[in-house]
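The lines below spell out each chain.
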Amino acid sequence: MNTSSATSPTKKYTHYRVCNFCEAMCGLEIEHDGKQVLGVKGDEKDPFSKGSICPKGAVIGEMYNDPDRLRKPLKKTSSGFVEIDWEEALDIVGKRLNTIRNEHGNDAIGLYFGNPTVHNYGAMMYVADLKKTIRSKNNYSATSMDQLPHHFASHFMFGNGMIMPIPDINRTEYMIVMGANPSASNGSIMTAAGVQKRLKDIQQRGGKYIVIDPRKTETAKSADEHLFIRPGTDVYFLLAMLHIITTEKKYNLKKLASHVVDLDKVISIATPYTPESVSSITGISVEDIRRITNEYLNTQKAVLYGRMGVSTQEYGGLCNWLINLINIVTGNLDSEGGAMFTNPAVPMVKNKVGHTPYNRWKSRVQDLPEFQGELPVSTMVDEIITEGKGQIKAMVTHAGNPVLSSPNGGRLDKALHDLEFMVSIDIYLNETTKHADIILPPTTGLEVDHYDLIFNAFAVSNNAKFSEALFPPKDGQLHDWQIFKGLTKRLSKKKLPWLYRISTPKLLLKLALLNGPYGRFSSIKRLFTGLTLGKIKRSVHGIDLGPLVPMFPKLLRTKDQKIHLAPSLFLEQLETLHAEFSNGKDTLQGNEFRLIGRRHLRSNNSWMHNVDKLVSGKNRCTVMMNTQDAERLGLKTEDEVMVKSRVGEIKIPIEVTKNMMPGVVSIPHGFGHTRKGSQLKVAETHAAGVSFNDISDHNRIDNLTGNAAFSGQIVQIIA
Ligand SMILES: Nc1nc2c(c(=O)[nH]1)N[C@H]1C(S)=C(S)[C@@H](COP(=O)(O)OP(=O)(O)OC[C@H]3O[C@@H](n4cnc5c(=O)[nH]c(N)nc54)[C@H](O)[C@@H]3O)O[C@H]1N2
Ligand SMILES: Nc1nc2c(c(=O)[nH]1)N[C@H]1C(S)=C(S)[C@@H](COP(=O)(O)OP(=O)(O)OC[C@H]3O[C@@H](n4cnc5c(=O)[nH]c(N)nc54)[C@H](O)[C@@H]3O)O[C@H]1N2
Ligand code: SF4
Ligand SMILES: [Mo]
């Protein structure tokens with residue numbers, strides 16, 4: 001409770017911390033009495049978030065007291081789960097995993113790391129050691145149903161997957177937002193607490209932001225302009241932009257000109273993609289394509305930004321490459337108001353060059369290449385159910401609920417049931433962890449120290465803030481990192497180094513900060529004045545380390561320190577696209593629609609649906625359909641329909657709205673809490689919903705990167 005200070009003799013205290021539920025990094029001001037939370041609001045003095053908060057951060061106290069939360073390890077027995085001690089639980093896991101490994105090899109252990117892993121600095125500090133100890137090729141995470149195409153493009157263009165461009169939202173004058181809904185998600189690969197205000201500020205300084213999305217989203221409603229795009233066709237829109245830029249010789253790389261290779265190779269790639277030829281495919285008029293491209297070209301500080309919606313589609317890799325390419329050839333990369341790079345206090349980009357974390361092995365069944373040590377999650381089930389050498393016999397899941405979140409989760413639900421052994425490190429007994437033989441429930445939220453290792457590295461300005469744990473662990477509960485260390489110790493074949501044994505996340509953070517770009521060891525000049533963990537801790541509201549600054553060419557990690565504009569893998573996939581390129585309209589029949597996803601401010605992927613304050617009000621798990629389409633099919637709001645795909649069907653109520661593009665329907669993911677065996681109280685409420693991923697097809701992937709392609713799948717709506 002070091003960051004707390006007494007505010008009155010009635011024993012009320014104030015605690016400051018960063019919310020780690022999403023990427024936005026809002027500073028919270030928490031009033032408490034030493035045992036319970038009395039109130040939560042946005043920390044006005046946090047220099048980054050300036051008082052912003054959303055309904056999820058506001059219920060951090062409820063999450064702490066949540067009766068659904070597990071406090072002790074659970075062991076599955078023939079009569080259900082029973083509580084056991086930590087040492088016993090860890091010993092069982094160690095023993096079972098070692099036996100399976102000795103019998104079937106390292107790859108027999110599959111690992112899945114879910115979204116909150118990256119929001120947990122303790123877990124991030126020790127996850128690599130655990131993976132290295134297990135040495136399995138069957139490594140999976142939420143990355144391959146999310147931002148893998150971003151890493152992929154960054155790796156091949158800039159030499160490292162973590163060199164990801166961030167829109168300089170604070171200074172841009174023209175922002176094109178494709179496939180992102182920051183008003184609901186609060187921003188992604190753009191850590192920008194209070195993002196709605198930041199968007200509004202663009203308008204107030206005379207700039208514009210436009211949204212390209214098959215749904216008129218909350219973000220689109222406040223935008224200067226919104227354009228519907230047919231799901232999965234962004235690649236054509238981007239090629240048409242590039243067509244205009246290159247054929248009309250409007251490219252100007254400015255200061256990047258001397259840092260690129262292969263400009264000649266990309267000048268002609270977009271020639272066939274005239275605005276006229278892509279208009280009917282994308283659903284965007286020729287005039288709009290030309291006008292937007294020209295507005296972007298004619299604004300000094302402009303940025304093209306794409307996220308989830310353009311990442312999780314069949315050409316997600318090409319989209320991310322083209323977005324970078326367009327920002328580069330117009331001089332908008334690494335330039336103020338364009339797409340820039342964060343310079344965090346703990347760098348994510350190592351100094352090493354020439355390292356290629358690609359295709360070192362392939363998945364056994366589908367022959368998909370590894371990237372950054374992982375295989376695509378869409379093929380995880382294949383590796384569990386297909387017999388032979390290397391088959392997954394045991395799973396370790398951490399902070400993930402892939403039964404609800406991964407493509408064709410129903411198939412995974414069945415596959416997990418048949419495993420020889422499974423351990424889940426999670427705070428709940430839910431749709432995924434119910435399959436585990438052992439559940440290890442860590443501390444979370446107010447019981448953990450926090451430093452945002454990942455999201456400080458993708459923020460729209462440079463910052464540092466440390467959050468102490470507010471409350472001690474209950475009943476000897478372990479932290480995620482202690483569980484990782486406990487497992488690493490039991491699975492390691494050699495004695496672990498002493499530094500590892502004595503280390504803590506705080507110690508590792510301390511060293512990383514000292515060695516980081518602002519740290520005491522970074523230069524002689526900083527030896528006495530540089531950043532230390534102590535300094536950060538004393539600044540309870542956080543430290544502002546300044547706006548984004550140009551980072552190239554120093555940050556580049558390609559062997560030749562150049563930006564590679566035309567990596568061969570992308571050019572090859574462009575050939576495939578070209579073969580498919582036709583001037584045709586979408587060929588949907590009668591009751592067929594293209595399906596897309598949806599996020600809501602009061603929901604967080606597959607969890608938090610058991611928090612009453614968040615799910616009160618109307619049912620949000622609906623299928624949204626355009627008014628004309630609903631009329632055509634004779635459907636009205638609240639009518640229950642069957643949504644059917646190649647792999648499954650779900651029953652869900654309709655929500656008729658003019659905000660959907662005709663021919664497109666939208667369903668949120670992460671619901672479906674009615675499955676037997678889950679212990680969340682949400683199962684009995686209207687918030688249980690149905691799972692999008694019971695109908696998402698695991699075979700729909702981006703062939704270039706292996707990423708799941710959730711957007712644009714054809715489904716039938718049956719009344
Ligand atoms: N159809 C469709 N599917 C999608 C998406 C989509 O847009 N549409 N989005 C995809 C994306 S972007 C992502 S990131 C994934 C997310 O999907 P997952 O990776 O499965 O992650 P979550 O659904 O966030 O599940 C989080 C789990 O972590 C647990 N948890 C919370 N905090 C902690 C903690 O501190 N420690 C531990 N050990 N556990 C904790 C929760 O109880 C919960 O079980 O879903 C993907 N799936
Ligand atoms: N409240 C809340 N916040 C969250 C999360 C959450 O579940 N709830 N999840 C967190 C996670 S894990 C992530 S990865 C981020 C994601 O953050 P965002 O990238 O902002 O993701 P979404 O809000 O899903 O917005 C994606 C948008 O893409 C649109 N879209 C779908 N298909 C297409 C397409 O083919 N083309 C185009 N142009 N658009 C398309 C959708 O209509 C949607 O508006 O949000 C994070 N923040
Ligand atoms: S926007 Fe994200 S970081 Fe901010 S309070 Fe909400 S969940 Fe927490
Ligand atoms: Mo995500």
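The rules behind each value
Residues numbered from 1 in each chain as written. Chains lettered and ligands numbered in written order. Predicted model: local features only at pLDDT ≥ 70, side-chain atom pairs only at ≥ 80, totals over all residues. Heavy atoms only, no water. Helix = DSSP H or I, 4+ residues; strand = E, 2+ residues; numbered from the N terminus. Rg over C-alpha atoms; globule rule 2.2 N^0.38 Å. Buried < 20%, exposed > 50% of the residue type's maximum accessible area, 1.4 Å probe, protein only. Expected span 1.5 Å × (residues − 1). Near = heavy atom within 4 Å. Nonpolar A, V, L, I, M, F, W, Y, C, P; charged D, E, K, R; others polar. Polar contact = N/O pair within 3.5 Å; in protein donor to acceptor, adjacent residues only side chain to side chain. Areas by Shrake-Rupley, 256 points an atom, 1.4 Å probe, with all protein chains shown as cover. Contact = heavy atoms within 4.5 Å. Pairing = 2+ DSSP bridges. Axes fitted to C-alpha atoms, helices over the stretch in contact; angles between N-to-C directions. Salt bridge = Lys/Arg side-chain N within 4 Å of Asp/Glu carboxyl O. Phe/Tyr/Trp six-rings, centres within 6.5 Å; stacked < 30°, edge-to-face > 60°. Lys NZ or Arg CZ within 6 Å of the ring centre and 35° of its normal.

1. Looking at the overall build of the protein
Alright, step 1. For the protein, the helix and strand inventory stands at 24 helices and 29 strands.
Alright, step 2. By the compact-globule yardstick of 27 Å for 719 residues, the protein fits well, its C-alpha radius of gyration being 25 Å.
Alright, step 3. Taking the principal axes of its C-alpha atoms as reference, the protein extends roughly 70 × 65 × 55 Å.
Alright, step 4. Per-residue burial for the protein yields a buried fraction of 62% across its 719 residues.

2. Notes on helix H9 (residues 234-247)
Every α-helix carries 3.6 residues per turn, so stepping three or four residues along brings you back to the same face.
Alright, step 1. With 14 residues, H9 extends 20 Å between its outermost C-alpha atoms, agreeing within 8% with the 20 Å of an ideal straight helix rising 1.5 Å per residue.
Alright, step 2. Residue Lys249 follows H9 closely and has a positive phi angle near 50°.

3. Quick look at the site of ligand 3
Alright, step 1. Around ligand 3, the structure places Cys19, Phe21, Cys22, Ala24, Met25, Cys26, Cys54, Lys56, Gly57 and Asn186.
Alright, step 2. Class assignment for the residues of the shell around ligand 3 results in seven nonpolar, two polar and one charged.

4. Some remarks on the site of ligand 2
Alright, step 1. Taken together, 29 residues lie near ligand 2, and Ser185, Asp213, Asp234, Ser603 and Asn605 sit nearest.
Alright, step 2. Asp234 is positioned such that a nitrogen or oxygen atom in its side chain is 2.7 Å from a nitrogen atom of ligand 2.
Alright, step 3. Between ligand 2 and Asn605 there is a distance of 2.7 Å, counted from an oxygen atom to a backbone nitrogen or oxygen.
Alright, step 4. Calculation on ligand 2 without its partners gives an accessible area of 920 Å², and the protein chains cover 97% of this total.
Alright, step 5. Elements represented by at least two residues in the shell around ligand 2 include exactly helix H6 (182-185) and helix H13 (308-311).
Alright, step 6. When the residues that make up the shell around ligand 2 are grouped by side-chain class, the tally is nine nonpolar, 14 polar and six charged.

5. What about the side chain of Thr342?
Alright, step 1. With respect to the helices, strands and loops of the structure, Thr342 is situated in the loop between strand S15 (339-340) and strand S16 (358-362).
Alright, step 2. One polar contact links the side chain of Thr342 to the main-chain carbonyl oxygen of Ala457, over a distance of 3.3 Å.
Alright, step 3. Engagement of the side chain of Thr342 in a polar contact is seen with the backbone oxygen of Ala459, the distance being 2.8 Å.
Alright, step 4. Setting aside chain neighbours within four positions, we find Thr342 in contact with Ile166, Asn456, Ala457, Phe458, Ala459, Ser461, Asn462, Leu548 and Met551.

6. Quick notes on the sheet that holds strand S6 (residues 80-83)
Alright, step 1. One open sheet holds the seven strands; their spatial order is S6-S5-S20-S19-S18-S7-S8, and the pairing between them is mixed. If you trace the sheet from one side to the other, it starts and ends with S6 and strand S8 (139-141), each paired once. Going from strand to strand, the sheet's axes swing by 20° on average, the running direction of each strand aside.
Alright, step 2. As paired strands, strand S19 (residues 421-425) and strand S20 (residues 438-440) are joined by three bridges and run parallel to one another. By the bridge assignment, Ser424 is partnered in S20 with Ile439.
Alright, step 3. Its contacts with the sheet place helix H3 (residues 86-104) against strand S5 (74-77), strand S7 (109-113), strand S18 (394-398), S19 and S20, and it is angled at close to 125° to S20.

7. Points about the pairing of S6
Alright, step 1. When S5 meets S6, the two strands line up antiparallel, connected through four bridges. Each bridged residue has a counterpart across the sheet, and for Lys76 the counterpart in S6 is Phe81.
Alright, step 2. Counting the residues that bridge the hairpin from S5 to S6 gives two residues.

8. Re the pattern of salt bridges
Alright, step 1. Evaluated as defined, the whole model comprises 40 salt bridges.
Alright, step 2. A salt bridge links Lys613 to Glu62, with the shortest nitrogen-to-oxygen separation between them at 2.5 Å. Here the residue Lys613 occupies a position in helix H23 (residues 612-615), and Glu62 occupies one in helix H2 (residues 60-65), the gap between them amounting to 551 residues.
Alright, step 3. Taking relative accessible area as the criterion, Glu62 reaches 29% and is therefore assigned partly exposed.
Alright, step 4. Between Lys250 and Glu248 there is a salt bridge, with the nearest N and O atoms lying 2.6 Å from each other.
Alright, step 5. For Lys250, a relative accessible area of 34% gives the class partly exposed.
Alright, step 6. Within the structure, one salt-bridge network assembled from shared partners comprises Lys208, Glu225, Asp288, Arg291 and Glu295.

9. A look at helix H5 (residues 148-158)
Alright, step 1. Counting buried residues in H5 gives eleven out of eleven residues, a clear majority hidden from the surface.
Alright, step 2. Considered for burial, the residues of H5 that qualify are Leu148, Pro149, His150, His151, Phe152, Ala153, Ser154, His155, Phe156, Met157 and Phe158.
Alright, step 3. Within two residues after H5, Gly159 carries a phi angle of roughly 95°, on the positive side.

10. Focus: the side chain of Thr330
Alright, step 1. Relative to the helices and strands, Thr330 is located in the loop between helix H14 (316-329) and S15.
Alright, step 2. Thr330 gets classed as buried once you look at its relative accessible area, which sits at 8%.
Alright, step 3. Only 2.7 Å separates the side chain of Thr330 from the backbone oxygen of Ile326, close enough to count as a polar contact.
Alright, step 4. When sequence neighbours within four positions are dropped, the list of residues in contact with Thr330 reads Ile245, Asn252, Lys254, Tyr296 and Leu297.

11. Digging into the pairing of strand S21 (residues 461-464)
Alright, step 1. Of the two faces of S21, the one lined by Ser461 and Asn463 and the one lined by Asn462 and Ala464 are each fully buried.
Alright, step 2. Alignment of S21 against strand S22 (residues 543-547), held across four bridges, turns out to be antiparallel. Residue pairing across strands places Asn462 opposite Gly546, the latter belonging to S22.

12. Section: the sheet that holds strand S27 (residues 649-657)
Alright, step 1. Taken together, the six strands give a closed barrel; going around it, the order is S24-S28-S25-S27-S26-S29, and neighbouring strands pair in mixed fashion. For this sheet, the mean inter-axis angle between neighbouring strands, taken without regard to orientation, is 45°.
Alright, step 2. Strand direction decides the pairing type here: strand S24 (residues 592-596) and strand S28 (residues 664-666), joined by three bridges, are parallel. Bridged to Arg594 within S28 is Val664.

13. A word on the environment of Ala457
Alright, step 1. Its place among the elements puts Ala457 in the loop between S20 and S21.
Alright, step 2. Its relative accessible area of 7% is what places Ala457 among the buried residues.
Alright, step 3. A C-alpha to C-alpha distance of 26 Å links Ala457 and Gln203, two positions 254 residues apart in sequence.
Alright, step 4. Setting aside residues up to four positions removed in sequence, Ala457 forms contacts with Thr342, Pro344 and Met348.

14. Some remarks on unusual backbone geometry
Alright, step 1. Residue Phe552 is joined to Pro553 through a cis peptide bond whose omega torsion reads 5°.
Alright, step 2. In this structure, Pro553 sits in the loop between S22 and strand S23 (563-564).
Alright, step 3. The backbone of Gln561 sits at a positive phi, close to 55°, despite the residue not being glycine.
Alright, step 4. Unusually for a residue other than glycine, Asn605 sits at a positive phi of about 45°.

15. Some points on the packing of aromatic side chains
Alright, step 1. On inspection of all chains with the given rule, the structure shows 21 aromatic pairs.
Alright, step 2. The interplanar angle of 40° and the centroid separation of 4.5 Å between the aromatic rings of Tyr273 and Phe581 together place this pair among those described as tilted. Taken together, the residues span a long stretch of sequence, with Tyr273 in the loop between helix H10 (263-267) and helix H11 (275-282) and Phe581 in the loop between helix H22 (568-580) and S24 at a distance of 308 residues.
Alright, step 3. Members of the aromatic cluster, joined through ring pairs, are Phe152, Phe156, Trp321, Tyr358, Phe371 and Phe570.
Alright, step 4. Between the NZ or CZ atom of Arg198 and the centre of the ring of Phe48, over which it lies, the distance is 4.9 Å.
Alright, step 5. Across from the ring centre of Tyr64, 4.6 Å away, lies the NZ or CZ of Lys474, which sits over that ring.

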